[in-house]
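Single-letter residue listing:
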Amino acid sequence: MGKIILTGDRPTGRLHLGHYVGSLRRRVELQNSGEFEKIFIMIADAQALTDNADNPEKVRQNVVEVALDYLSAGLDPAKSTLFIQSQVPELCELAFYYMNLVTVQRLQRNPTVKSEIQMRGFAESAVEGDTAQRQGIPVGFFTYPISQASDITAFRATTVPAGEDQEPMIEQTREIVHKFNSVYGPTLVEPEILLPDNAACLRLPGTDGKAKMSKSLGNCIYLSDTADEVKKKVMGMYTDPDHLRVEDPGKVEGNTVFTYLDAFCRPEHFEKYLPEYPSLDALKEHYRRGGLGDVKVKKLLIAVLNETLDPIRERRRYYESRIEEVYAMLEEGSAHARAAAAVTLDDVRNAMKINYFGDKELIASQAKAYAEKIHNS
Ligand code: TRP
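In this text the structure is predicted, and so the values were computed from the model without any measurement. (Residues numbered from 1 in each chain as written. Predicted model: local features only at pLDDT ≥ 70, side-chain atom pairs only at ≥ 80, totals over all residues. Heavy atoms only, no water.)

A. Expanded view of the site of the ligand. Around the ligand, the structure places 13 residues, and the nearest of them are Arg-10, Gln-47, Gln-148, Asp-151 and Gln-166. For the ligand, a nitrogen atom lies 3.1 Å from a polar atom in the side chain of Gln-148. For the ligand, whose unbound accessible area comes to 370 Å², protein coverage reaches 92%. Those elements that provide at least two residues to the shell around the ligand are strand E1 (4-9) and helix H8 (144-154). When residues of the shell around the ligand are assigned to their parent elements, the largest contribution, four residues, is made by E1. Residue classes in the shell around the ligand are distributed as five nonpolar, five polar and three charged. (Near = heavy atom within 4 Å. Polar contact = N/O pair within 3.5 Å; in protein donor to acceptor, adjacent residues only side chain to side chain. Areas by Shrake-Rupley, 256 points an atom, 1.4 Å probe, with all protein chains shown as cover. Helix = DSSP H or I, 4+ residues; strand = E, 2+ residues; numbered from the N terminus. Nonpolar A, V, L, I, M, F, W, Y, C, P; charged D, E, K, R; others polar.)

B. Region of the structure containing unusual backbone geometry. Backbone geometry at Arg-156 places phi at a positive 55°, although glycine is not the residue there. Structurally, Arg-156 can be placed in the loop between H8 and strand E4 (159-161). Within the chain, Lys-353 stands out as a residue other than glycine whose phi angle is a positive 55°. Locating Lys-353 in the fold gives a position in the loop between helix H16 (323-352) and helix H17 (360-376).

C. How the structure looks around the nonpolar core. Ranked by internal contacts, the top residues of the largest apolar core, which has 60 residues, are Leu-17, Tyr-70, Leu-261, Phe-264, Leu-283 and Leu-330. Counting 40 residues, the second largest nonpolar core, distinct from the first, contains Ala-149, Phe-155, Ala-162 and Ala-341. (Core = buried A, V, L, I, M, F, W, Y, C linked by side-chain atoms within 4.5 Å. Buried < 20%, exposed > 50% of the residue type's maximum accessible area, 1.4 Å probe, protein only.)

D. Just the packing of helix H3 (residues 56-73) against H16, in detail. Packing of H3 against H16 leaves a shortest axis separation of 11 Å and a crossing angle of 90°. Taken together, the axis directions place H3 and H16 in an arrangement best described as roughly perpendicular. Packed against H3, whose contacting residues are Val-63, Val-64, Ala-67, Leu-68 and Leu-71, the element H16 presents Ile-323, Val-326, Tyr-327, Met-329 and Leu-330 at the interface. Broken down by class, the residue content of the contact of H3 with H16 amounts to ten nonpolar, no polar and no charged. (Axes fitted to C-alpha atoms, helices over the stretch in contact; angles between N-to-C directions. Parallel < 35°, antiparallel > 145°, perpendicular 65-115°, else oblique. Contact = heavy atoms within 4.5 Å.)

Structure, rendered in structure tokens:
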């Protein structure tokens, strides 16, 4: 059987470089490798609503932003099905059945759910009537790992290219698949996560050196940033706080500019922008020794980032002037995704024996049992 990809993003903001090196760049490579039978890329608006109940307009506005980011990064609707989660209601029905296979305790142990409860400031023991600061955990938010299992299994995905933070979701999906198949017979496919292979890409820090790029921290470089914005952000980037004078020896570990170079730099960039260094290793070596200033390294990073982002900006401009076409593409993709999910849902209903009207045997055997009862009475 061929390999199938399903992955996606919540539309809560424009996509940034963390998304790009964490998953988006990989998806485009996989798409163009021709190795996959089908590729589904989902804009997870319904999941975004699980913790944005009072901000639906934010989610609504960002659907097209994420679609533009996808297309700009090189996802091609001729090769990949791009769709909107809420337009595939089959996913809800699957989730409703999977809910019976997961315990509250198991959800409470999901590390991503746990840390998101902390981050969102949901109170774990809020009681009815609490003030706004002590909002409880929305049920939909709490159960989103189950909904994510539906997203993945509906398309029989074998492969989920995603960031490290999604690992607990894939693990939980595999458990649901395992449980479903052992109760109802082999029906669903167990997926695997495909993580970035380079540590810098696994978790790209923010421009301030904090662990993660995040909109709320204001430390992101967006795919849609202009060359000037990128320049400004890189010039203000966190480096080694002890590297005060050019002559001082510097630290490369935990130095955000070098982490970004690890994520973006290719050998040919040196020939082009800094021919006096044969490689990134040689540049790091000089920085450690002392005598290499931050500005020179930052200028290299600006050149590399803008070279990477230029074709993305160009495609964005193209699609920004064709918003109606972008929506038409998403509508077509959603219809296609819906048809694919409906096939799996049929299998699930059959396996669960809740396909009453199509189950001629069930009807015949019950009719026969009652016929005998009537006959014998
Ligand atoms: N949880 C993902 C995020 O926060 C979005 C998502 C929803 C997803 N369903 C998925 C990712 C299925 C991979 C597979 O960005």
